[in-house]
Amino acid sequence: MSDPESTHFGYQKVAKDDKQNRVKAVFDSVAGRYDVMNDLMSLGIHRLWKRTAIEMSGVRKGHQVLDLAAGTGDLSSRFSTLVGDDGFVLMSDINAAMLQQGRERMLDEGHSGNIAYAQINAEQLPFAENSFDCISIGFGLRNVTDKQCALNAMFAALRPGGRALILEFSKPAPGPFKTLYDTWSFQVLPRLGKLVASDSDSYQYLAESIRMHPDQETLKGMMQEAGFERCDFRNLSNGIVAIHRGFKI
Amino acid sequence: MSAMLSASVEAVLNRLLSLDPISLQRLQAYHGKRIELDFKGTGMRLFLVPGSDGIAVYQQLEEAADCTLSATPLVFARMGMGAEASDQLFSGQLEIRGDTALGHSFGRLLAGLHIDWEEQLAAISGDLIAHNIASGVRSGLQWLSDTHQRLDKDLKEYLQEEVQAMPSDYELQEWLQAVDTLRDDVERLQARVERLQARRSAQ
């Protein structure tokens, strides 16, 4: 029986109240070089995963989109183009340093008018019920302390007919590919982190947090528990990443 | 794999657009529109969504496109090399569905990309070398074009005049006119015969 007051921080067990601060410290540390490291970590494939997520989002002109854990805004940037002048994208992150990076990037790319920024905790969404047509969270859910609470909040904030989209590292199918992936995550990645961002601990945490994240079927079950219907997931790159999708009917 | 294809097309399109700032500026007029390219015979579709920083390319969108351009990959390639979309349209090789005005103007924008290669080269090699290389390439292209035209003309003359294997334009026109006249005469004769037969059967 696990202690209800503790949670995982990578492979360590920490007090629930402490996790948020530790995650904050990790992302404060990597914010400046987040994009470069993402490219190095995934060999650039994260761009293809995000592109597939966008295609599965079903976002249309005029939609209201909430992008949680938006980071440097890879998804928000594309949503902003898709919703057009009549739509709206709220780019959010719990981490101020990451949000600042994302905001600067959006302005540099010329996205304005249909996009706003907010520092938000995904577990406590400050919105009325039925506010958004699509809520996405890309590579963010595993850093959330209480994932079920975040899924419940996402469900409440969605409009009927809207969908939630969760892009997250998952459990790859067993085999030689998995061994290669483990070697890459635990041997190469922390060293790369040290080399590029002078911070191996943060990247060690990123690799560990991926292993502690619920697998495809468990996360699908959690979405169903939150109230989502027609839940499905799509494995990408042999299951290294999965995109979960659920609708509020 | 499909995501890689659309990502590659997007990267190439945006790289080309970044080399032509005027077209990039014109692209703003299409912000948020969905233009679908349907590559006939391949089953492949691409959706182009122009935005503030270039064109986003997707393989599938749930929303219907504002306009669909449907043609074989070869016809698209020809348009990309500067052929007028309207030429392809009227020759029946290109089909436009939805907002046809949007399809026309967007096709013209892509086909009319004007990239100053000399300027791009100058950024790497300096003005002097870039100008010399560009002049060399320009005269090379001119020579190729002249040679192509001359070869075309010489071959035509050889086949028509020397070995007389093919008719000249004048002879061809004359023959086509004669065929037309003969066809009309036959049709007139046929009508006359039919009229005579009708009168005979009425008596």
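Worth saying up front: this structure is predicted, and the values here are computed from it rather than measured. (Residues numbered from 1 in each chain as written. Chains lettered and ligands numbered in written order. Predicted model: local features only at pLDDT ≥ 70, side-chain atom pairs only at ≥ 80, totals over all residues. Heavy atoms only, no water.)

**Let's talk about the overall build of chain B**
Then step 1. For chain B, the helix and strand inventory stands at eight helices and five strands.
Then step 2. Traced from its N-terminal end to its C-terminal end, chain B shows the element sequence α-α-β-β-β-β-α-α-β-α-α-α-α.
Then step 3. Relative to its length of 203 residues, chain B is extended, with a C-alpha radius of gyration of 27 Å against a globular reference of 17 Å.
Then step 4. Overall, the C-alpha framework of chain B stretches about 90 × 55 × 30 Å when taken along its three principal axes.
Then step 5. Surface exposure of chain B reaches about 13600 Å², of which carbon and sulfur atoms provide 57%.
Then step 6. The positive charge centre, built from 19 side chains, and the negative charge centre, built from 30, are 9 Å apart in chain B. (Helix = DSSP H or I, 4+ residues; strand = E, 2+ residues; numbered from the N terminus. Rg over C-alpha atoms; globule rule 2.2 N^0.38 Å. Areas by Shrake-Rupley, 256 points an atom, 1.4 Å probe, with all protein chains shown as cover. Lys, Arg positive; Asp, Glu negative; His and termini not counted. Charge placed at Lys NZ, Arg CZ, Asp CG, Glu CD.)

**A closer look at the side chain of A:E123**
Residues and elements named next belong to chain A.
Then step 1. Assignment of secondary structure puts E123 in the loop between β5 (115-119) and β6 (132-138).
Then step 2. The class of E123 is buried, set by a relative accessible area of 14%.
Then step 3. Among the polar contacts made by the side chain of E123, one reaches the main-chain amide nitrogen of D146 at a distance of 3.3 Å.
Then step 4. Look past the residues within four positions of E123 in its chain and what remains in contact with it is V144, T145, D146, C149, A150 and A153. (Buried < 20%, exposed > 50% of the residue type's maximum accessible area, 1.4 Å probe, protein only. Polar contact = N/O pair within 3.5 Å; in protein donor to acceptor, adjacent residues only side chain to side chain. Contact = heavy atoms within 4.5 Å.)

**With respect to the domain arrangement of chain B**
Then step 1. As assigned here, chain B comprises domain 1 (2-111), domain 2 (117-166) and domain 3 (176-203).
Then step 2. Computed over C-alpha atoms only, the centres of domain 1 of chain B and domain 2 of chain B are separated by 30 Å. (Domains from an automatic or database assignment.)

**Overview of the pattern of salt bridges**
Then step 1. One pass over the full model with this rule turns up 22 salt bridges over all chains.
Then step 2. Note that A:D133 is salt-bridged to A:R159, the shortest N-O span being 3.1 Å. Of this pair, A:D133 sits in strand β6 while A:R159 is found in strand β7 (residues 158-169), placing the two residues 26 residues apart along the sequence.
Then step 3. Notably, a salt bridge pairs B:R45 with B:E36, separated by 2.3 Å at the nearest N-O pair.
Then step 4. Note on B:E36: relative accessible area 8%, which makes it buried.
Then step 5. Beyond isolated ion pairs, a larger network of salt bridges with shared partners links A:K50, A:D74, A:R105 and A:E109. (Salt bridge = Lys/Arg side-chain N within 4 Å of Asp/Glu carboxyl O.)

**So, unusual backbone geometry**
Then step 1. Phi is positive for A:R230, close to 50 degrees, though the residue is something other than glycine.
Then step 2. Within the element layout of this structure, A:R230 appears in strand β8 (residues 229-236).

**Regarding the sheet that holds strand β4 (residues 67-71) of chain B**
Residue and element names in this part refer to chain B.
Then step 1. Taken together, five strands build an open sheet; the order of strands is β3-β2-β1-β4-β5 and the sheet is mixed. At either end of the open sheet lies a strand with only one pairing partner, and these are β3 (54-58) and β5 (95-98). With strand direction ignored, the average angle separating the axes of adjacent strands in the sheet is 20 degrees.
Then step 2. Note that β4 and β5 share four bridges and pair antiparallel. Residue T68 lies in a different strand from β5, and its bridge partner there is R97.
Then step 3. Helix α1 (residues 2-18) rests against β2 (44-51) and β3 of the sheet, and its axis sits at about 165 degrees to β3. (Pairing = 2+ DSSP bridges. Axes fitted to C-alpha atoms, helices over the stretch in contact; angles between N-to-C directions.)

**Let's talk about a negative patch on the surface**
Then step 1. On the surface, a cluster of negative charge is made up of B:D154, B:E157, B:E161, B:E162, B:E171 and B:E174.
Then step 2. Those elements that place two or more of their residues in the negative patch are α7 (127-162) and α8 (169-202) of chain B. (Patch = residues over 30% accessible without salt bridge, like charges linked within 9 Å, V, L, I, M, F, W, Y side chains within 5 Å.)

**Let's talk about the nonpolar core**
Then step 1. Ranked by internal contacts, the top residues of the largest apolar core, which has 32 residues, are A:W49, A:F169 and A:V241.
Then step 2. Of all the elements in the fold, those that place two or more residues in this core are α3 (46-57), α4 (74-83), β4 (88-93), α5 (96-108), β7 and β9 (241-247) of chain A together with β2 and β3 of chain B.
Then step 3. With sequence-adjacent residues up to four places away left out, A:V241 is seen in contact with A:W49, A:F139, A:L167, A:E168, A:F169, A:S170, A:R234, A:N235 and A:L236. (Core = buried A, V, L, I, M, F, W, Y, C linked by side-chain atoms within 4.5 Å.)

**A word on the packing of aromatic side chains**
Residues and elements named next belong to chain A.
Then step 1. Applying the stated rule across the entire model yields seven aromatic pairs over all chains.
Then step 2. Both rings, one in W49 and one in F139, keep their centres 6.2 Å apart while their planes meet at 55 degrees; by these two values the pair is tilted. In this pair, W49 is assigned in helix α3 and F139 in the loop between β6 and α6 (147-157), connecting sequence segments 90 residues apart.
Then step 3. According to the relative accessible area criterion, W49 is buried, its value standing at 6%.
Then step 4. For F139, a relative accessible area of 9% translates into the label buried.
Then step 5. One aromatic cluster is present, formed by W49, F139 and F169 through successive ring pairs.
Then step 6. Between K248 and the ring centre of F155, over which it is positioned, the NZ or CZ distance is 5.0 Å. (Phe/Tyr/Trp six-rings, centres within 6.5 Å; stacked < 30°, edge-to-face > 60°. Lys NZ or Arg CZ within 6 Å of the ring centre and 35° of its normal.)

**Topic: the packing of α6(A) against helix α9 (residues 216-226) of chain A**
All names here are of chain A.
Then step 1. Contact geometry of α6 with α9 gives a least axis separation of 9 Å together with a crossing angle of 50 degrees. By the angle between their directions, the pair α6 and α9 is classed as oblique. Seen from above, α6 lies across α9 with right-handed handedness. Only L219, M222, M223, E225 and A226 of α9 make contact with α6, whose side of the interface consists of K147, Q148, L151, N152 and F155.
Then step 2. Partitioned by chemical class, the residues of the contact of α6 with α9 number six nonpolar, two polar and two charged. (Parallel < 35°, antiparallel > 145°, perpendicular 65-115°, else oblique. Left-handed = near helix turned anticlockwise from the far one by under 90°. Nonpolar A, V, L, I, M, F, W, Y, C, P; charged D, E, K, R; others polar.)

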